[in-house]
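The lines below spell out each chain.
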Amino acid sequence: MYKDGPGEINVPIAIAGMVIEPGDLIVGDGDGIVCVPYDLAAEVLKATETKHQAEIKQLAAIKQGKNDRAWVDAALTRLGCKIHD
C-alpha cells in the first residue's frame, strides 16, 4: 500500500509495535501517546475521574499547607532507606 494509493478503514493497524483496533481511543500529549482499547474505555474514564478528584484534593491541601507526606517517609523506611533531617 502506498501513501497516495487506496487505503482501508475499520481494520487494525500497528504503530511502534502496538496494535490499534477500530474504535480504540487514542490520547496523546507532550509526554507520549496511549491507546485505550474500546472495551476498556468506560473503565479507564472512571479511573481517570477518580484520580483527578484525588489530585484536586491534594492540590487544595498543598495550597493550605496541610499536605501530609508522612506516607513517603514510611514507604522509604519500609524499603530500607534512611531518612535524614
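Scroll up to find the structure.
Nothing here was measured: the structure is a model prediction, and the numbers come from that model.

**Student:** Help me understand the pairing of strand β4 (residues 32-36) in this model?
**Tutor:** The side chains of a regular strand alternate between the sheet's two faces. As paired strands, strand β3 (residues 25-29) and β4 are joined by 5 bridges and run antiparallel to one another. Within β4, the position partnered with Val27 by the bridge is Val34. Two successive antiparallel strands, β3 and β4, enclose a turn made up of 2 residues.

**Student:** Please explain helix α1 (residues 41-63) as it appears in this structure.
**Tutor:** An α-helix turns once per 3.6 residues; consequently, residues spaced three or four apart project the same way. The terminal C-alpha atoms of α1 lie 33 Å apart, and with 23 residues this matches the ideal 33 Å at 1.5 Å per residue to within 8%. The first or second residue beyond α1 is Gly65, which carries a positive phi of 70 degrees.

**Student:** Would you mind showing me how to read the environment of Glu21 here?
**Tutor:** By the secondary structure assignment, Glu21 is in the loop between β2 (18-20) and β3. Overall, Glu21 belongs to the partly exposed group, its relative accessible area being 38%. Along the backbone, Glu21 and Glu55 are 34 residues apart, and their C-alpha atoms lie at a distance of 31 Å.

**Student:** Could you clarify how one ought to interpret the side chain of Asp24 in this entry?
**Tutor:** With respect to the helices and strands, Asp24 occurs in the loop between β2 and β3. For the buried residue Asp24, which engages in no salt bridge, the nearest side chain bearing the opposite charge is Lys46, 21 Å off. Within the structure, the side chain of Asp24 is placed 2.8 Å from the backbone nitrogen of Glu21, a separation counted as a polar contact. Engagement of the side chain of Asp24 in a polar contact is seen with the backbone nitrogen of Tyr38, the distance being 3.0 Å.

**Student:** Can you help me understand the pattern of salt bridges in this one?
**Tutor:** Any two side chains of opposite charge can pair, given that their charged atoms come close. All told, the structure shown has 1 salt bridge when counted by the stated rule. The shortest N-O distance in the salt bridge between Glu55 and Lys51 comes to 3.9 Å. Placement of the pair is Glu55 and Lys51 together in helix α1, with a separation of 4 residues, close to one helical turn. Overall, the relative accessible area of 37% leaves Glu55 in the partly exposed class.

Reading the values: the criteria
- Residues numbered from 1 in each chain as written.
- Predicted model: local features only at pLDDT ≥ 70, side-chain atom pairs only at ≥ 80, totals over all residues.
- Heavy atoms only, no water.
- Pairing = 2+ DSSP bridges.
- Helix = DSSP H or I, 4+ residues; strand = E, 2+ residues; numbered from the N terminus.
- Expected span 1.5 Å × (residues − 1).
- Buried < 20%, exposed > 50% of the residue type's maximum accessible area, 1.4 Å probe, protein only.
- Lys, Arg positive; Asp, Glu negative; His and termini not counted.
- Salt bridge = Lys/Arg side-chain N within 4 Å of Asp/Glu carboxyl O.
- Polar contact = N/O pair within 3.5 Å; in protein donor to acceptor, adjacent residues only side chain to side chain.

Worth remembering: the numbers are spatial, not functional.
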